[in-house]
Amino acid sequence: FLPGGLAQQESFDPKPFSPLEYRGEMGSIKTNTGEIISQTLPQLAKCADKFTIIRSMSHGEAAHERGTHNMFTGYKPSPALIYPSFGSVVSHEYGPRNNLPPYICIPNQPNEFAGSGYLSSSYGPFSLGADPANAGFKVQDLNLAGGVDAERFARRQDALSTVNQYFSSRHNADSVTAMDSFYERAYSLISSEKARDAFDIEKEDAAMRDRYGRNQAGQRLLLSRRLVEAGARLVTMTYGGWDMHTNITNGIRNSMPALDQGLAVLLNDLDSRGLLDTTLVMVSTEFGRTPKINSDAGRDHWPKVFSLMLAGGGIKRGYVHGASDPTAAEPDLDPVSPEDLATTIYHLLGIVADKELMSPGDRPIEIVDGGKVIKQLLA
């Protein structure tokens, strides 16, 4: 997840033939599939045969919070209800595997809409609380406090489960369930050396850490791979600040190289391990940026059209879906809504998007309302 709003023109949808005030100062390059992307992505250009670009994402929310809600949930924001994020729905539907939390955020939950919404907080993410790029990186809540042994911890967890059952029978269990789930999840981590090792980036080969890049993007992506390979069902990794209202050229030059390197290595690494076909990678953001450069040499919020990237997990390789118009102002071909994207993502994850979940008051709510599977994206 790239917070702030990634500019489509300086990433996956450059406009080399538009006037300078629209195309910006960055040039474009050809990918190994013959497509054009921004010159800011030279490493991804070399492995474009492994991913798909959607150039026609579109919604109507130009405010950060509302755009973020759209892209994490597949729903328009509502004053009455906060909807669950992809990760929390996956957690609800599939649960944990290999003693790892089903939904993990690196380094932290990036916003309130990346959480469990109307579902129990027990389906919320496990946040690392630290950056794997930092020296001495340690995950919070991964080890017991001094003087607390595993047997005592287990007894406490069992007691909480008993209390939870008592309150559940009286329809007042959410807070206790959340606490019970926290201890159960923490104890599973503590009791499983293999699970703890998945979080230990120091156990990764030094040369591989160098390949990903010894920086925030590289090490967060590498840890994401370690966790997915070990059994985590969904990892949300957040990087950078893309709300570039001023001096967008310098902003992109500072932030993009590490992301370009790390993403390209991630795709090649997953592919070489035989994991890419069973691991869905999505590079998403809140919205795009304005077609025209503003008076501060930046671009402002623009939800009418923007781009994202998908790879693996049943996604077609080397494909570009949809198109924007000549100035990247509106969709020109095959517009994709957040509902369509979410429905397609859930389809690839084996989840029926119009399945109903129960919200407070025993009100059934569809996981996604009204989206369609974009069949052209499927391999």
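Residues numbered from 1 in each chain as written. Predicted model: local features only at pLDDT ≥ 70, side-chain atom pairs only at ≥ 80, totals over all residues. Heavy atoms only, no water.

On to unusual backbone geometry. Following I106, the chain continues to P107 via a peptide bond in cis, the omega torsion being -5 degrees. Examined against the element boundaries, P107 turns out to sit in the loop between β4 (103–106) and β5 (126–127). The backbone of N247 sits at a positive phi, close to 45 degrees, despite the residue not being glycine. Position of N247 among the secondary structure elements: in the loop between β6 (234–237) and α10 (248–272). One non-glycine residue, D334, adopts positive backbone phi at about 50 degrees. (Helix = DSSP H or I, 4+ residues; strand = E, 2+ residues; numbered from the N terminus.)

Looking now at the pattern of salt bridges. All told, the structure shown has 21 salt bridges when counted by the stated rule. Here E10 makes a salt bridge to R299, at a shortest N to O gap of 3.0 Å. Pair noted here: E10 is in the segment before α1 (20–23) and R299 is in the loop between β8 (288–289) and β9 (301–302), with a separation of 289 residues, a long-range link. The partner of D13 in a salt bridge is K15, and the shortest N-O contact between them spans 3.5 Å. Taken together, the shared-partner salt bridges in this structure form one network comprising E204, R225, R226, E229, D269 and R273. (Salt bridge = Lys/Arg side-chain N within 4 Å of Asp/Glu carboxyl O.)

Turning our attention to the side chain of T73. When you line up the elements, T73 lands in helix α3 (residues 64–73). According to the relative accessible area criterion, T73 is buried, its value standing at 1%. A polar side-chain atom of T73 sits 2.6 Å from the main-chain carbonyl oxygen of H69. Looking at T73, its side chain comes within polar contact range of the main-chain nitrogen of Y75, at 3.0 Å. Sequence-distant contacts of T73, that is, excluding residues within four places in its chain, are made with Y83, P84, S85, F113 and I367. (Buried < 20%, exposed > 50% of the residue type's maximum accessible area, 1.4 Å probe, protein only. Polar contact = N/O pair within 3.5 Å; in protein donor to acceptor, adjacent residues only side chain to side chain. Contact = heavy atoms within 4.5 Å.)

This paragraph deals with the environment of T343. Along the chain, T343 falls in helix α11 (residues 338–348). Excluding anything up to four places from it in sequence, T343 contacts A353, V368, G371, K372 and V373.

Residues L44 and L227 are the most contacted members of the largest nonpolar core, which totals 56 residues. The dominant element in this core, judged by the number of residues it contributes, is α10, at eleven residues. Residue contacts for L227: discarding those within four places in its chain leaves L100, I104, I106, A198, F199, A232 and V235. (Core = buried A, V, L, I, M, F, W, Y, C linked by side-chain atoms within 4.5 Å.)

Let us look at α3. In terms of burial, α3 is a largely internal element, seven of the ten residues being buried. Those residues of α3 hidden inside the fold are in contact with β3 (51–57), α4 (86–94), β6, β10 (306–311) and α11. In the segment just after α3, G74 is the residue with positive phi, at about 80 degrees.

Let us look at the pairing of β4. Because side chains alternate across β4, one face comprises the buried residues Y103 and C105, and the other comprises I104 and I106, equally buried. Direction of pairing for β4 relative to β6: parallel, over a ladder of four bridges. Directly across from I104, in β6, lies its bridge partner V235. (Pairing = 2+ DSSP bridges.)

What follows is about the confidence of the model for the chain. For the chain, per-residue confidence averages 90 on the pLDDT scale, and 87% of positions sit at 70 or higher. Considering only residues more than four positions removed or in separate chains, one finds that residues 152–176, a stretch of pLDDT under 50, has 28 contacts. (pLDDT = per-residue confidence, 0-100.)

Taken in spatial order, the three strands make up an open sheet running β5-β4-β6, and their pairing is parallel. Lying at the two open borders of the sheet, with one neighbouring strand each, are β5 and β6. Against the sheet, helix α9 (residues 216–230) contacts β4 and β6, and its axis sits at roughly 175 degrees relative to β6. (Axes fitted to C-alpha atoms, helices over the stretch in contact; angles between N-to-C directions.)

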